[in-house]
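# Survey of secondary and tertiary structure
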Amino acid sequence: MDWVEVNGTVLRYELRQGETLPTVLIHEMGGSLESWDTVWSLLPVNQTLLRYDTRGSGLSEKLLEPPSIDSHVDDLAALLDASGLNEPVVLAGVAVGAGIAIRFAARYPHRVRALIAMAPACGVAADARSATLIRAQALREQGLRDVVPALLERTWPSPLQTDAARYATFRSRWLTADAASFSAIFAMLATMNLDDDIPKLPPRSVLVAGIFDELRPPQEIDRLVALAHHVQSIHVASGHFMQIQSPKWVATLIQEFAIGTQAGADIYRSFMADADNRCGIVQHAA
């Protein structure tokens, strides 16, 4: 682990140098780089990997005011520069982390080789913005304990709670997140809309929906995919936090989707054809 100061904030990160083009892992709201522990351990040891705590999360510097999504994108660009990762990267993000990945890919298409966006947070519907801002203020004033149960019910429902220890660890991590920073990210989402960024994504982009995810359900992911003819969608038997709930499948998707140009595309098609035997994929939509 290491720290770097970029754009007036300190970020904690971990870089594993390997022989492949780099893959960047971006965690969910309230998470940290530890959210990727199992996926990280499952990926090949020769795969170049970068994971980090986004501003306001984990052991990175905390937030006092809502950031913009572009602040997060600027942080990622600066972190890549500071890490010497100048070649195009594979971006894999979950929830708000997927939103950061989408915005980064739209702004810096020359720096992104492929994009995997799981349960991407691209903003909230116009009629939900006021309620989101009210919830953000309540989080700042009252903390996380009262709101976490309702959020977990929508993102990690009982059918997915087969590993009690994993669920308990995640719940505890959320409860110990910085409430002011959590609130600030909520407020950011209320004013964010990434719809116009979807058509700008690289040719090798996939958006993943969890059929047990009530926060970003499959119909919302399909709505986003419909904004660009070249972006694919996958529906999987998972929830909102797929890298924790379905780590073996996520590691396989990252590894095989990230393999070079045409060879990678061929392997990815083969992977999807055999998906039912691998990880409970229930629907694939082009």
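Structure: see above.
Anyway, here's the lowdown on the structure attached to this text. Predicted, not measured: the structure shown is a model, and the values here were computed from it.

## Re the pattern of salt bridges
Throughout the structure, instances matching the rule amount to 13 salt bridges. Close ionic contact of R12 with D53 constitutes a salt bridge, the shortest N to O distance being 2.6 Å. Of this pair, R12 sits in strand β2 (residues 9-16) while D53 is found in the loop between β4 (49-52) and α2 (69-82), placing the two residues 41 residues apart along the sequence. On the accessibility criterion, R12 (5% relative accessible area) is buried.

## Here we look at the pairing of strand β8 (residues 232-236)
Among the 5 residues of β8, 4 are classified as buried, and the element is accordingly described as predominantly covered. Bridge count for strand β7 (residues 205-210) against β8 is 5 bridges, and the pairing is parallel. Bridge pairing in β8 places A209 opposite H235. Traced from β7 through helix α8 (residues 218-225) to β8, the parallel crossover comes out right-handed.

## What to know about the pairing of strand β6 (residues 112-118)
Burial runs high along β6: 6 of the 7 residues are buried. Of the pairings in the sheet, the one linking strand β5 (residues 89-94) to β6 comprises 6 bridges and is parallel in character. Pairing of V89 across the sheet is with V112, part of β6. A crossover connection joins β5 to the parallel β6 through helix α3 (residues 96-107); in handedness this β-α-β unit is right-handed. Relative to β7, β6 runs parallel, the two being bridged by 4 bridges.

## Here we look at a nonpolar patch on the surface
On the surface, M1, W3 and L59 cluster together into a nonpolar patch covering about 340 Å² of accessible area. Along the polypeptide, W3 turns up in strand β1 (residues 2-6). For W3, a relative accessible area of 43% corresponds to the partly exposed category.

## Some points on the layout of surface pockets
Remark: the empty space left among the atoms is shown by a probe the size of a water molecule rolled over them. Taken as a whole, the largest pocket encloses approximately 600 Å³ of empty space. Of all the elements in the fold, those that place two or more residues in the lining of the largest pocket are α4 (129-142), α5 (148-155), α7 (179-190) and α8. Among the elements that make up the lining of the largest pocket, the one with the highest residue count is α4 (4 residues). For the lining of the largest pocket, the class distribution of residues is 18 nonpolar, 5 polar and 7 charged. Reported here for the second largest pocket is a volume of approximately 240 Å³. What lines the second largest pocket is a set of 23 residues, among which G30, G31, S57, G58 and A177 lie closest to the centre. Residue assignment for the lining of the second largest pocket shows that the elements contributing at least two residues are α3 and α7.

Parameters and conventions
- Counting of residues starts from 1 at the beginning of each chain's written sequence and follows it residue by residue.
- Local features in a predicted model are, by the rule used here, given only for residues with pLDDT of at least 70; side-chain atom pairs are given and counted only at 80 or more, and totals for whole chains, interfaces and linings are based on all residues.
- Processing note: side-chain calculations cover all non-hydrogen atoms of the structure and skip hydrogens and water entirely.
- By definition here, a salt bridge exists when the distance from a side-chain nitrogen of Lys or Arg to a carboxyl oxygen of Asp or Glu is within 4 Å.
- Only runs of H or I of at least four residues qualify as helices and only runs of E of at least two qualify as strands under DSSP, and these elements are numbered from the N terminus.
- Three labels apply to residues, based on accessible area from a 1.4 Å probe with only protein chains included: buried if under 20% of the type maximum, exposed if over 50%, partly exposed otherwise in between.
- Only when DSSP finds a minimum of two bridges between them are two strands counted as paired.
- Here is how to tell: hold the view so the strands point away, follow the path from the first strand over the helix to the second, and if it runs clockwise the crossover is right-handed.
- Patch membership requires more than 30% relative accessible area and the absence of a salt bridge. Residues of like charge join within 9 Å; the nonpolar side chains Val, Leu, Ile, Met, Phe, Trp and Tyr join within 5 Å.
- The accessible surface values rely on the Shrake-Rupley method and a 1.4 Å probe; as for residues, cover is taken only from the protein chains in view.
- Each cavity reported here is a set of points on a 1 Å grid over the protein atoms alone in which a 1.4 Å probe fits but cannot get out, each pocket an open set with protein on both sides within 12 Å along at least five of seven lines, and each lining residue one with an atom within 4 Å of a point.
- Grid points are joined across faces, edges and corners, and a volume is the space filled by probe spheres set on the points.
- The classification used treats Ala, Val, Leu, Ile, Met, Phe, Trp, Tyr, Cys and Pro as nonpolar, Asp, Glu, Lys and Arg as charged, and all other residues, Gly among them, as polar.

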